[in-house]
Amino acid sequence: MRFSLFVHMERWDESVSHRECFENLTELALIAEAGGFSTVWIGEHHSMEYTISPSPMPQLAYLAARTSTIRLGAGTIIAPFWNPLRVAGETALLDVISNGRAEVGLARGAYQFEFDRLLGGLPAVDGGKHLREMVPAVRALWEGDYAHDGEVWQFPTSTSVPKPVQKPAPPLWIAARDISSHEFAVANGCNVMVTPLMKGDEEVEDLGRKFDTAVANNPGVPRPDLMVLRHTHVHPADEPEGWRRPAESIQKFYRTFDAWFGNKSTPRNGFLEPSPVEKFEGRPEFAPESLHKTAMIGTPAEIIDRLRHYEALGVSEFSLWSDNGLTHEEKKRSLELFIEHVVPAFQEQPATTAR
């Protein structure tokens, strides 16, 4: 099992500048590369200070120039907000800039707030048709001349310029949850990325079963990769209460997610207050004590044990989700502990020669 970093610029108030946020993101990406991580992933969100990324592409292009080995993942491009020609061309250009290190994640989108502002109020639940139309169109544009006459987009013969460095194409990933999205991803030769959010490892097991079912239903397709994304924080074994602050901070993240997802209040200059703690009475999964067990929070030994289980489930990649409301120094320390103590447990040991 390989490891990746899922990271955004993150701002909870105006005490930290956007420039400092970007410098922090860059430092974490460089630490991840030095620590042997396979990929750094950056997503797409609009008008939200707590996940700042109107486009992953310029950030990944900058990181391409600052790095040499780590792969650069758009995780994810929100299909309804793009045109297939832009996705194909911009991701191919990233592949050229990085000399073949691009990974392309696509999703249908989730926040109605964004759809209200970018697509005139189109229901976010309808974004799936854009995703399903986007995947084959991007692949065809990477290959050569292609005209498209779909339900969402129509355009005469065109192509991706430039073409990707990777042959036959950069890896495509689909953010999946229900069985139909797993089926679509596997049938179309795409890797799958999942997140259990605040649910426990039983949710990872359920998502793994959906993935395995999709693989079994498509016997002629090579088995894709499965990535699990989870909020992660490592604390030293000699700090028994080291879990509490990250758990409380991740709870604040999910309460903020709930406020944005609920779309009931108007943000002020990109900030939105988290939903109040009282709203989640009777929802034990939001309690810090529960998040201590469900989020990937713990000592190195505790995290290694859980990741061994993920590996046994067939998870190809675990992505360390660093957006959690903690300070940059706290995130940096956690990442360094993960690299120092967790990563070596999953590296192949050289075979010994019998004498």
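What this report covers is the structure whose coordinates are included nearby. (Residues numbered from 1 in each chain as written. Predicted model: local features only at pLDDT ≥ 70, side-chain atom pairs only at ≥ 80, totals over all residues. Heavy atoms only, no water.)

Some words on the side chain of Thr299
Here Thr299 lies in the loop between β10 (296-298) and α10 (300-312). For Thr299, a relative accessible area of 10% gives the class buried. Those residues in contact with Thr299, other than ones at most four positions away along the chain, are Val234, His235, Pro236 and Ala237. (Helix = DSSP H or I, 4+ residues; strand = E, 2+ residues; numbered from the N terminus. Buried < 20%, exposed > 50% of the residue type's maximum accessible area, 1.4 Å probe, protein only. Contact = heavy atoms within 4.5 Å.)

Observations concerning a nonpolar patch on the surface
Side chains of Leu93, Val96, Ile97 and Val165 sit close together on the surface and give an oily, nonpolar patch of about 300 Å² of accessible area. Considering the arrangement of structural elements, one finds Leu93 in helix α3 (residues 84-97). Look at Leu93 and you get partly exposed, because its relative accessible area is 41%. (Patch = residues over 30% accessible without salt bridge, like charges linked within 9 Å, V, L, I, M, F, W, Y side chains within 5 Å. Areas by Shrake-Rupley, 256 points an atom, 1.4 Å probe, with all protein chains shown as cover. Salt bridge = Lys/Arg side-chain N within 4 Å of Asp/Glu carboxyl O.)

Considering the packing of aromatic side chains
For the structure on display, the rule yields 19 aromatic pairs. A centroid spacing of 6.4 Å and a plane angle of 5° characterise the contact between Tyr50 and Trp260, whose relative ring orientation is stacked. Of this pair, Tyr50 sits in the loop between β2 (39-42) and α2 (56-66) while Trp260 sits in helix α8 (residues 244-262), and the two are 210 residues apart along the sequence. Of the two residues examined, Tyr50 and Trp260, each falls in the buried class. (Phe/Tyr/Trp six-rings, centres within 6.5 Å; stacked < 30°, edge-to-face > 60°.)

Regarding the environment of Gly89
Relative to the elements of secondary structure, Gly89 occurs in helix α3. On the basis of relative accessibility, which here comes to 14%, the residue Gly89 falls in the buried class. For the pair formed by Gly89 and Pro171, sequence separation is 82 residues and the distance between their alpha carbons is 15 Å. Once residues within four sequence positions are removed from consideration, Gly89 is found in contact with Ser160, Val161 and Pro162.

These figures come from the coordinates and say nothing about function on their own.
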